[in-house]
Amino acid sequence: MKLETQGFHHITMVSSNARRTLEFYRGVLGLGLVKKTVNFDDPGAYHLYFGDEGGRPGTILTFFEWGDAPAGRPGIGGVHHLALGAESDEALLKWKRRLTDHGVHVSGPYDRGYFTSLYFRDPDGQILEIASKGPGYDIDEPADALGQTLLLPPQRIVRGYRDEASIAALTHPEPVPAITPDMALQGIHHISGITDSLERAGEFYEAALGLKMIKKTTNRDAPDMLHYFWGSYDGQTVAPHSSWTLFGWPASYNRARGGVGQTHHVAFRARDDQEQGAWVDHLRSLGVQPSPVMDRTYFNSIYFRAPDGLLLEIATDGPGFGVDEEALGTELKLPAWLEPNRDEIGAALAPLG
């Protein structure tokens, strides 16, 4: 079996207040709450899952509520930002107006060559992006030969040359009190991490997860910094929810520090338990020691670290979030081994409203 992940399963971040997180991600961004549960390894804290109606892999954002944790910081071995997908540039302008009207500071829209992007932070400081669907990675090299050449962006879209005042003034002319169908967020567009060796990282992600190089370029906001992209790429198209990008930082820069407002781990997909078992053997053959398989009720997981220290997971697609309720996210769900302590666990959790 040739092992190649289909892309992201989910990303897990750290929140200081589950109720505020719910209000922002469901109330402002319009994501569905697909599971209300607790951290299986720390059942005194909420673990919230957001995604599309069915909780499909690649659309899932999850949050550990660790109210006593200190603020984290991005750095080498961490995630810089998470990007959610939207259909068009017009949808981005609507999002800019909606977020601004909710008191959220928004930067952009910026032309990133392959898509257009807005940037803002969630209530805990996590950097978020909303990125448009296109024009796509084949705008500057053939679709069947992505990632072959280092491509420098046009000067007009690089920080220091673009018209920041005109960009800041762009917005939708009318308030957007409700999310319209054309604004619907489409799951994980890409995730951008930070590493101290793009060469070592590329060798690891290509060997360990079967990702393919799809773009070599530079950071539009720091043009001396390399920015490489990998994804699930069949030689013609890049699969949705699979674009993993890395900024190359000097090794002397700070390491990531976990905590509130930062990513805890990034999870990639395995189709089923059989494929996950093959991943275990494959990782061990590379000298990587994954954790034992852990039952997460909605999927099974193994964990391991990238060479720069980032915590990674491979999670199975099934059995899925409908295994214990039909109307997703409506009740507090606990795994069977925690059910005897339901009253105690529920009493310790603050109401979500």
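Treat the numbers as computed from the prediction; the structure is a model and nothing was measured.

What counts, and where the lines are drawn
Residues numbered from 1 in each chain as written. Predicted model: local features only at pLDDT ≥ 70, side-chain atom pairs only at ≥ 80, totals over all residues. Heavy atoms only, no water. Core = buried A, V, L, I, M, F, W, Y, C linked by side-chain atoms within 4.5 Å. Buried < 20%, exposed > 50% of the residue type's maximum accessible area, 1.4 Å probe, protein only. Helix = DSSP H or I, 4+ residues; strand = E, 2+ residues; numbered from the N terminus. Contact = heavy atoms within 4.5 Å. Pairing = 2+ DSSP bridges. Axes fitted to C-alpha atoms, helices over the stretch in contact; angles between N-to-C directions. Expected span 1.5 Å × (residues − 1). Arc of directions from axis to C-beta. Polar contact = N/O pair within 3.5 Å; in protein donor to acceptor, adjacent residues only side chain to side chain. Salt bridge = Lys/Arg side-chain N within 4 Å of Asp/Glu carboxyl O.

Bringing the nonpolar core into the picture now. Nonpolar side chains tend toward joint burial in soluble globular proteins. Formed by 68 residues in total, the largest nonpolar core has its most connected members in L29, L61, Y205 and W244. Top element by residues in this core is helix α4 (residues 198-209). It accounts for six residues. For Y205, the contacting residues outside a window of four places in its chain are G210, L211, W244, L246, A306, L310 and L312.

All right, on to the sheet that holds strand β5 (residues 78-86) then. Strand pairing in a sheet is mediated by backbone hydrogen bonds. Such pairs are either parallel or antiparallel. Strand order in the open sheet formed by eight strands is β6-β7-β8-β5-β9-β12-β11-β10, and the pairing between neighbours is mixed. In this open sheet, the two edge strands, each paired with only one partner strand, are β6 (107-111) and β10 (212-219). Taking the axes of each pair of neighbouring strands and ignoring which way they run, one obtains an average angle of 25 degrees across the sheet. Pairing analysis gives four bridges linking strand β11 (residues 222-231) to strand β12 (residues 243-248), with the strands arranged antiparallel. Of the residues in β12, the one forming a bridge with F229 is T245. Together, β5, β6, β7 (116-121) and β8 (127-132) form the strand contacts of helix α2 (residues 89-101), whose direction differs from that of β7 by roughly 20 degrees.

Bringing helix α5 (residues 273-285) into the picture now. Given 3.6 residues per helical turn, the α-helix brings residues three or four places apart onto the same face. The end-to-end C-alpha separation of α5 is 19 Å, in line with the 18 Å expected for 13 residues at 1.5 Å each. Of the residues making up α5, those classed as buried are E275, Q276, W279, V280 and L283. Looking down the long axis of α5, one finds its buried residues gathered within 155 degrees of arc, a one-sided arrangement. Set apart from the buried face of α5 by more than 90 degrees, the exposed residues are Q274, D281 and S285. Against the buried residues of α5 lie α4, β13 (263-270), β15 (300-305) and β16 (311-316). Put simply, D272 is the residue that caps the front of α5, since its side-chain oxygen is 3.3 Å from the backbone nitrogen of Q274. Positive phi shows up at G287, right after α5, with a value of about 85 degrees.

Turning next to the pattern of salt bridges. Throughout the structure, instances matching the rule amount to 23 salt bridges. Salt-bridge contacts for R156 lead to D111; the nearest nitrogen and oxygen are separated by 3.3 Å. Separated by 45 residues along the polypeptide, R156 in the loop between β8 and α3 (164-169) and D111 in strand β6 bring together distant segments of the chain. In this structure R156 comes out as exposed when scored by relative accessible area, which is 56%. By relative accessible area, which is 31% here, D111 ends up partly exposed. Each member of the salt-bridge network shares a partner with another, and the members are R112, R162, E164 and D221.

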